[in-house]
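So the chains spell out like this:
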Amino acid sequence: MISTYAVRSATPYALSIAFPSDNDLLGVALVCTVKDPTLPALRDPATFGVLVRLFPSTGAWLSTGPRPVGEVHVMAGFDNRWSPTADESGPAATGVIRVGDALAHTNPTMTQGISLAPWAARHIADTAHHADRPDEFARSCDRWTRDSPKPWFDLQVTGDRDNEARLSGTSGAVEDERARQRAARFPCALEDPVVMRAWAQVRHMMRTPREAFAAAKVKGRIEKWLARQPEAARPPSGPSRDTWETITAGAR
Ligand SMILES: Cc1cc2nc3c(=O)[nH]c(=O)nc-3n(C[C@H](O)[C@H](O)[C@H](O)COP(=O)(O)OP(=O)(O)OC[C@H]3O[C@@H](n4cnc5c(N)ncnc54)[C@H](O)[C@@H]3O)c2cc1C
């Protein structure tokens, strides 16, 4: 069984993730809050290299001495933006219906953007020929988007909020029971087929997150799993903040 922790480590202020890929390529990423003042230092390849080796998961992948094939790249500006076609005062514009990123722009960490785009486009293709009033059609499309793609947009927003709260230390998100249960879904799914089925149904957009994870059977399995191994929802850690700051202070 592949553990998610084989590729992921987490300190209270940073995540480190390895992306083993085809053709002997390995991607390595550090994830921090945008408020972290040490962020600019991570662009220095030497500093980045030292830091990722101090996290157990990426450190293990890098221990075979791979050769860098590129610069350190910044991946940023991935906001979640819901732009409705209509609101309570009517359509945003006459004769225009939003689809794809124009409707729901999501941080791509959950890789949902491409699935959301044709889903909305198909709905329009299936219904537009019945529309004789543009404003009513815009309102009905808006109602559909709130019931259909929006729960997956909200799933990304919730996941990002949990991460941001945890990495910036701005709330007790780790202690918060609901955040703890959400964080446990995937590691628990790797061990429990019932939870994995729910996870897969959500990831393949067959059931909304609310439907799949609120089912008593699934909730109960996650609670039991958490009770059995309270530390298991936390991946291996990494360098202390003091060490991180000492290393980033020496960046070129
Ligand atoms: C780095 C990154 C990684 C991603 N990874 C994934 C992933 O793994 N899985 C996933 O599902 N989604 C991923 N996404 C999201 C996904 O790419 C988008 O959700 C999806 O491409 C949205 O499709 P779209 O057609 O709405 O917009 P786009 O794909 O952005 O297409 C819009 C097109 O319109 C063109 N355009 C803009 N303005 C004009 C103009 N004035 N005139 C003419 N043409 C114009 C643009 O050049 C562009 O070609 C990722 C996004 C990014 C940025």
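Residues numbered from 1 in each chain as written. Predicted model: local features only at pLDDT ≥ 70, side-chain atom pairs only at ≥ 80, totals over all residues. Heavy atoms only, no water.

Peer 1: Account for the environment of Pro-45, naming residues and giving values.
Peer 2: Its location among the elements puts Pro-45 in helix H1 (residues 45-53). Sequence separation of Pro-45 and His-73 is 28 residues, and the distance between their C-alpha atoms is 9.7 Å. (Helix = DSSP H or I, 4+ residues; strand = E, 2+ residues; numbered from the N terminus.)

Peer 1: Lay out the packing of aromatic side chains with the relevant residues and their values.
Peer 2: Taken as a whole and assessed by the stated rule, the structure comprises seven aromatic pairs. Geometrically, the ring pair formed by Tyr-13 and Trp-244 is edge-to-face, given 5.2 Å between the ring centres and 70 degrees between the ring planes. Highlighted residues: Tyr-13 in the loop between strand E1 (8-10) and strand E2 (14-20) and Trp-244 in helix H10 (residues 241-249), separated in sequence by 231 residues. With a relative accessible area of 9%, Tyr-13 lands in the buried category. Judged by its relative accessible area of 0%, Trp-244 falls in the buried class. (Phe/Tyr/Trp six-rings, centres within 6.5 Å; stacked < 30°, edge-to-face > 60°. Buried < 20%, exposed > 50% of the residue type's maximum accessible area, 1.4 Å probe, protein only.)

Peer 1: Lay out the sheet that holds E1 in plain terms, naming residues and giving numbers.
Peer 2: Think of a sheet as strands paired side by side through backbone hydrogen bonds, with each pair either parallel or antiparallel. Pairing in this open sheet of three strands is antiparallel, and the strands run E1-E2-E3 from one edge to the other. Strand pairing shows two members of the sheet lacking a second neighbour, E1 and strand E3 (26-32), which therefore form its edges. In this sheet, adjacent strand axes meet at a mean angle of 10 degrees when their direction is disregarded. One ladder, built from three bridges, connects E1 with E2; its direction is antiparallel. Its bridge partner being in E2, Arg-8 is matched across the sheet by Ile-17. (Pairing = 2+ DSSP bridges. Axes fitted to C-alpha atoms, helices over the stretch in contact; angles between N-to-C directions.)

Peer 1: Give a detailed account of the site of the ligand, specifying residues and quantitative values.
Peer 2: Taken together, the neighbourhood of the ligand is formed by Phe-78, Gly-100, Asp-101, Pro-108, Thr-111, Gln-112, Gly-113 and Ile-114. Between the ligand and the protein, one listed contact pairs an oxygen atom with a backbone N or O atom of Thr-111 at 3.2 Å. One of the backbone nitrogen or oxygen atoms of Gly-113 is found 3.3 Å away from an oxygen atom of the ligand. The fraction of the free accessible surface of the ligand (1,000 Å²) that becomes covered by protein chains is 33%. The residue makeup of the shell around the ligand, split by class, is three nonpolar, four polar and one charged. (Near = heavy atom within 4 Å. Polar contact = N/O pair within 3.5 Å; in protein donor to acceptor, adjacent residues only side chain to side chain. Areas by Shrake-Rupley, 256 points an atom, 1.4 Å probe, with all protein chains shown as cover. Nonpolar A, V, L, I, M, F, W, Y, C, P; charged D, E, K, R; others polar.)

Peer 1: Give me the pattern of salt bridges: which residues, what numbers.
Peer 2: Evaluated as defined, the whole model comprises ten salt bridges. Residues joined in a network through salt bridges with shared partners are Asp-36, Arg-241 and Glu-245. (Salt bridge = Lys/Arg side-chain N within 4 Å of Asp/Glu carboxyl O.)

Peer 1: Could you give me a rundown of the packing of helix H7 (residues 193-203) against helix H9 (residues 216-228), with the residues and numbers involved?
Peer 2: Across the interface, H7 lies against H9 with an axial gap of 9 Å and an inter-helix angle of 120 degrees. One finds that H7 runs oblique with respect to H9. Every pair of crossing elements has a handedness; the one defined by H7 and H9 is left-handed. Counting all contacts with H7, which are made through Val-194, Val-195 and Ala-198, the residues of H9 involved are Lys-217, Val-218, Arg-221 and Ile-222. (Parallel < 35°, antiparallel > 145°, perpendicular 65-115°, else oblique. Left-handed = near helix turned anticlockwise from the far one by under 90°. Contact = heavy atoms within 4.5 Å.)

Peer 1: Hey, could you go over the pairing of E3 for me, with residue numbers and the actual values?
Peer 2: Two faces make up the sheet, and in a regular strand the side chains alternate between them. One ladder, built from seven bridges, connects E2 with E3; its direction is antiparallel. Directly across from Ala-14, in E3, lies its bridge partner Cys-32. From the end of E2 to the start of E3, which pair antiparallel, there are five residues, and Asn-23 there has a positive phi angle of about 55 degrees.

Peer 1: Which residues make up the side chain of Thr-145, and what values go with them?
Peer 2: Mapped onto the fold, Thr-145 is located in helix H4 (residues 134-147). For Thr-145, a relative accessible area of 5% puts it in the buried group. Excluding residues that lie within four positions of it along the chain, Thr-145 makes contacts with Trp-82, Leu-103 and Lys-150.

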